[in-house]
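Structural features, examined
Residues per chain, in single letters:
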There are 2 protein chains.
Amino acid sequence: MHSWFNNPACLINYCSPEWVEIIQQRSITHLYPKGQYVFMEGSLVMGAYFILKGKVKVISSDQTGKEQTVRLANEEHMLGHTAIGLEKYSVGAITLEDSIICFIENNILYEAFMANPKFTFEVMLFYSRELRKSELRTKCLALMNNEEKVILGLLYIADTYNQEKTKNQVEIILSRQEIAQIIGTNADQVSRVLSSLKKDYLIETRERTIVIKNINHLRSMLNKYPFATGC
Amino acid sequence: MHSWFNNPACLINYCSPEWVEIIQQRSITHLYPKGQYVFMEGSLVMGAYFILKGKVKVISSDQTGKEQTVRLANEEHMLGHTAIGLEKYSVGAITLEDSIICFIENNILYEAFMANPKFTFEVMLFYSRELRKSELRTKCLALMNNEEKVILGLLYIADTYNQEKTKNQVEIILSRQEIAQIIGTNADQVSRVLSSLKKDYLIETRERTIVIKNINHLRSMLNKYPFATGC
DNA sequence: CGTGCTTTTGAATAGTATCAAGGCCGGTGG
DNA sequence: CCACCGGCCTTGATACTATTCAAAAGCACG
């Protein structure tokens, strides 16, 4: 198996070696600086994006401009894919740090799908995982109170963006408002809950960086919701 | 293209005629009476289900037994698919009316995927649509107040289960509690909102059947959320 | 004609969102 | 070097919304 731009987790690696070659030649890879749009809500769908390196948030805004983050994406993800078969993107994507992202046009992607059943199958599995996560998230947000939501959000961020999954201590660099948009509340509420967690010595805040001291203890605070694992 | 058990919308029809034949021979089709489990949360994953006829709700319950409906499924849907690659179902499925459902074992399904790229592709598109809908739902439920959520729920039910999409009047047979579980609140709140809508002559209730008199007017009440269409 | 379930509605309670003021920090320019 | 500015964070007070509980009415069923 080829390793696409040194990212073995990239789904494109499920294509045959010849097709990996074809896609490498016929795709466009860009460096997107932190905070930049990869694609915007409402713009025309031309293809799909594969994250080779970096972190991205998938957002959706209402008329008043209020943003809701519907998903966090890392190196194992593809983007813009929920729009396949649609004319316009129903969501937008913004980088959370400098990211290298590969763009593939729809017709090339379609040819690759038809020629590589395993690739298509793995993309389908990726979808199914994301759908399950999304459904569980919907359920969690419906049942939880604010404190529980914030904890869920911290765990979600840590799970998506923490390299060393076994560590009990994790740093989070998102702002209060970005966290609020993930869990569907506002920055004030997040701040309150974080203050409360600080009093219990479960987290520390150092210059806007949130340090989770004991991630396992946070997890145990949600064990009323056994399904929350993997949201 | 073959028509699988007189359901042209069934995704299996994207397989080659030979494979439709193979699947028909090697799958199991059952009639599930109303209110019966198709599969239960936590049970072992053996394969996937295709709805040939009927309506199903996909649910997920917490420790206290409180149920949350994560998705409504009709004749165009497959079920149990979000569990592909997992050991146990993260959700359960219950019929909302008498339904004919076809079960296909994992290994046969996998063979079919490898042999029929178009089938795999269409299943992938199905996933992508459901994921987009799920993400939009998450966003809606995060931003809306109770009245708006109830309206969204009514429209969601109407869109999923109403045959004649062009009609302005739709009947809904679900109970208050079932509606509440779809939008993440309780039966009391649904009842309040329905009473309020009745006062405005937007709906009628006849023996527990909710009759939407003017679905377009209900839609317009959510046009603060343009993305709500297709939740 | 009861019995049990769902629906409806009011009142009390709990929880959440909003607003506003002040603090902290980094960056900019005098 | 210091004063100022703007952004983000924190926290209290307040208003609002949603949840819960309870009671009564309506309907379905045997």
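Look a little higher up for the structure.
All of these numbers come straight from a predicted model, not from anything done at the bench. Residue indices follow the written sequence of each chain, beginning from 1 at its first position. Chains carry letters from A onward and ligands carry numbers from 1 onward, assigned in written order. For a predicted model such as this one, the threshold for reporting local features is a pLDDT of at least 70, and the threshold for listing and counting side-chain atom pairs is 80 or more; totals across whole chains, interfaces and linings nevertheless cover every residue. Working from all heavy atoms in the structure, the side-chain values ignore hydrogens and water.

It is worth spelling out the overall build of chain A at this point. Secondary structure is summarised from DSSP: a helix means a run of H or I of at least four residues, a strand means a run of E of at least two, and numbering begins at the N terminus for each. What chain A contains, in helices and strands, is 7 helices and 11 strands. Every radius of gyration here is taken over C-alpha atoms, with the globule rule written as 2.2 Å times N^0.38, N being the number of residues. At 19 Å, chain A has a C-alpha radius of gyration in line with the 17 Å of a compact globule built from 231 residues. Each principal axis of the C-alpha atoms in chain A carries an extent, and together these give about 55 × 40 × 30 Å. Relative accessibility under 20% of the residue-type maximum defines a buried residue, over 50% an exposed one, and the middle range a partly exposed one, all with a 1.4 Å probe and only protein chains included. A burial count over chain A gives 55% of its 231 residues as buried. Taking the intrachain contacts of chain A between residues at least 6 apart in sequence as the baseline, contacts between residues at least 24 apart amount to 71%. In this analysis, two residues are considered to be in contact whenever any of their non-hydrogen atoms come within 4.5 Å of each other.

Another point: the sheet that holds strand β1 (residues 28-32) of chain B. Residues and elements named next belong to chain B. Pairs of strands are assigned from DSSP output, requiring at least two bridges between the strands. Read across the open sheet, the 4 strands follow the order β1-β8-β3-β6; overall the sheet is antiparallel. With partners counted over all chains shown, the strands left at the sheet margins are β1 and β6 (78-79), one partner each. As defined by bridge partners, β1 adjoins strand β8 (residues 99-105) across 5 bridges and the pair is classed as antiparallel. Of the residues in β8, the one forming a bridge with Thr-29 is Cys-102. Contacts between helix α2 (residues 106-115) and the sheet are confined to β3 (47-53) and β8, with β8 contributing the most and set at about 80° to the helix. A fitted line through C-alpha atoms serves as each axis, taken over the contacting stretch for helices, and the angle formed by two N-to-C directions is quoted from 0 to 180°.

Our next topic: the nonpolar core. Each nonpolar core is a collection of buried residues, namely Ala, Val, Leu, Ile, Met, Phe, Trp, Tyr and Cys, held together in the definition by side-chain atoms within 4.5 Å. Phe-50 and Phe-119 of chain A together with Phe-50 and Phe-119 of chain B are the most contacted members of the largest nonpolar core, which has 52 residues in total. Other than its neighbours up to four places away in sequence, Phe-119 of chain A contacts Leu-11, Ile-12, Tyr-14, Cys-15, Phe-50, Leu-109, Ala-112 and Phe-113 of chain A.

Now for the relation of the copies chain A and chain B. Between the two copies of the chain lies a relationship made up of a rotation around an axis and a movement along it. Between the two copies, chain A and chain B, the superposition gives an RMSD of 0.0 Å; the rotation angle is 180° and the shift along the axis is 0.0 Å. Such a combination of turn and shift is consistent with a two-fold rotation axis. Copies overlap after least-squares fitting; the atoms used are the C-alpha atoms of residues with pLDDT of at least 70 in both.

In this section: the sheet that holds strand β4 (residues 56-61) of chain B. Each strand in a sheet pairs with another by means of backbone hydrogen bonds, the pair being arranged parallel or else antiparallel. Residue and element names in this part refer to chain B. If you trace the 4 strands from one edge of the open sheet to the other, you get β2-β7-β4-β5, paired in antiparallel fashion. Looking at which strands have only one partner, the edges of the open sheet turn out to be β2 (37-39) and β5 (67-73). Ignoring strand direction, the axes of neighbouring strands in this sheet form an average angle of 35°. Where β2 lies against strand β7 (residues 92-95), 2 bridges are found, and the strand directions are antiparallel. Opposite Phe-39, over in β7, you have Ala-93 as the bridge partner. Contacts between helix α5 (residues 176-183) and the sheet are confined to β4 and β5, with β5 contributing the most and set at about 90° to the helix.

With that out of the way, let us pick up the interface of chain A and chain B. Taken together, the contacts link 43 residues of chain A with 43 residues of chain B. The term buried area refers to how much accessible surface (probe radius 1.4 Å) is lost by two components on association, counted for both of them together. For the pair chain A and chain B, the summed buried surface comes to about 4,100 Å²; carbon and sulfur atoms form 70% of the total. If you sort the residues of chain A by the area they bury against chain B, Met-124, Leu-131 and Glu-135 of chain A come out on top, with a joint share of 15%. A pair is scored as a salt bridge if a Lys or Arg side-chain nitrogen falls within 4 Å of a carboxyl oxygen belonging to Asp or Glu. In this assembly, chain A and chain B are joined by 4 salt bridges. Between Arg-71 of chain A and Glu-135 of chain B there is a salt bridge, with the nearest N and O atoms lying 2.6 Å from each other. Elements with a minimum of two residues in the side of chain A that touches chain B: β4 (56-61), β5 (67-73), α2 (106-115) and α3 (117-143) of chain A. Per-element accounting of the side of chain A that touches chain B gives the leading share, 20 residues, to α3 of chain A. Classifying every residue of the side of chain A that touches chain B by side-chain character gives 20 nonpolar, 13 polar and 10 charged. Under the convention adopted here, Pro, Cys and the residues Ala, Val, Leu, Ile, Met, Phe, Trp and Tyr are nonpolar, Asp, Glu, Lys and Arg are charged, and Gly plus all remaining residues are polar.

For the rest of this paragraph, the subject is the protein's contact with DNA strand C. In these notes, residues near a molecule or strand are those with any non-hydrogen atom within 4 Å of it. Residues in contact with DNA strand C amount to 16 residues; listed here are only the nearest, Asp-188 and Gln-189 of chain A together with Arg-176, Arg-192 and Ser-195 of chain B. When the atoms of DNA strand C within 4 Å of the protein are grouped by moiety, sugar and phosphate amount to 62% of the total. Definition of a polar contact: a pair of N or O atoms within 3.5 Å, with one able to donate and the other able to accept a hydrogen when the atoms are protein atoms, and with sequence-neighbouring residues admitted only if both atoms are side-chain atoms. One nitrogen or oxygen atom from the side chain of Asp-188 of chain A is found 2.6 Å from a base nitrogen belonging to DNA strand C. In the environment of DNA strand C, a base oxygen lies 2.8 Å from a nitrogen or oxygen atom belonging to the side chain of Arg-192 of chain B. Secondary structure elements with two or more residues in the surface near DNA strand C: α6 (187-199) of chain A together with α5 and α6 (187-199) of chain B. With 5 residues, α6 of chain B is the single largest residue contributor to the surface near DNA strand C.

The subject of this paragraph is the pattern of salt bridges. A side chain with one charge can pair with a side chain of the opposite charge if their charged atoms come near. Residues and elements named next belong to chain B. Tallied over the entire structure, the rule returns 18 salt bridges over all chains. Salt-bridge contacts for Lys-55 lead to Glu-97; the nearest nitrogen and oxygen are separated by 4.0 Å. A residue pair is termed long-range when its members are at least 10 positions apart, and Lys-55 in the loop between β3 and β4 and Glu-97 in the loop between β7 and β8 qualify at 42 residues. Assessed through its relative accessible area of 12%, Lys-55 is described here as buried. Glu-97 gets classed as partly exposed once you look at its relative accessible area, which sits at 25%.

This part covers the packing of helix α5 (residues 176-183) of chain A against α6 of chain A. Residues and elements named next belong to chain A. Look at α5 against α6: their axes get within 8 Å of each other, and the N-to-C directions meet at 105°. On the basis of the axis angle, α5 is roughly perpendicular to α6. Here Arg-176, Gln-177, Ile-179, Ala-180 and Ile-183 of α5 lie close against α6, whose contacting residues are Ala-187, Val-190 and Leu-194. When its residues are assigned to classes, the contact of α5 with α6 shows 6 nonpolar, 1 polar and 1 charged. Note on terminology: angles under 35 degrees are roughly parallel, angles over 145 are roughly antiparallel, angles of 65 to 115 are roughly perpendicular, and the others are oblique.

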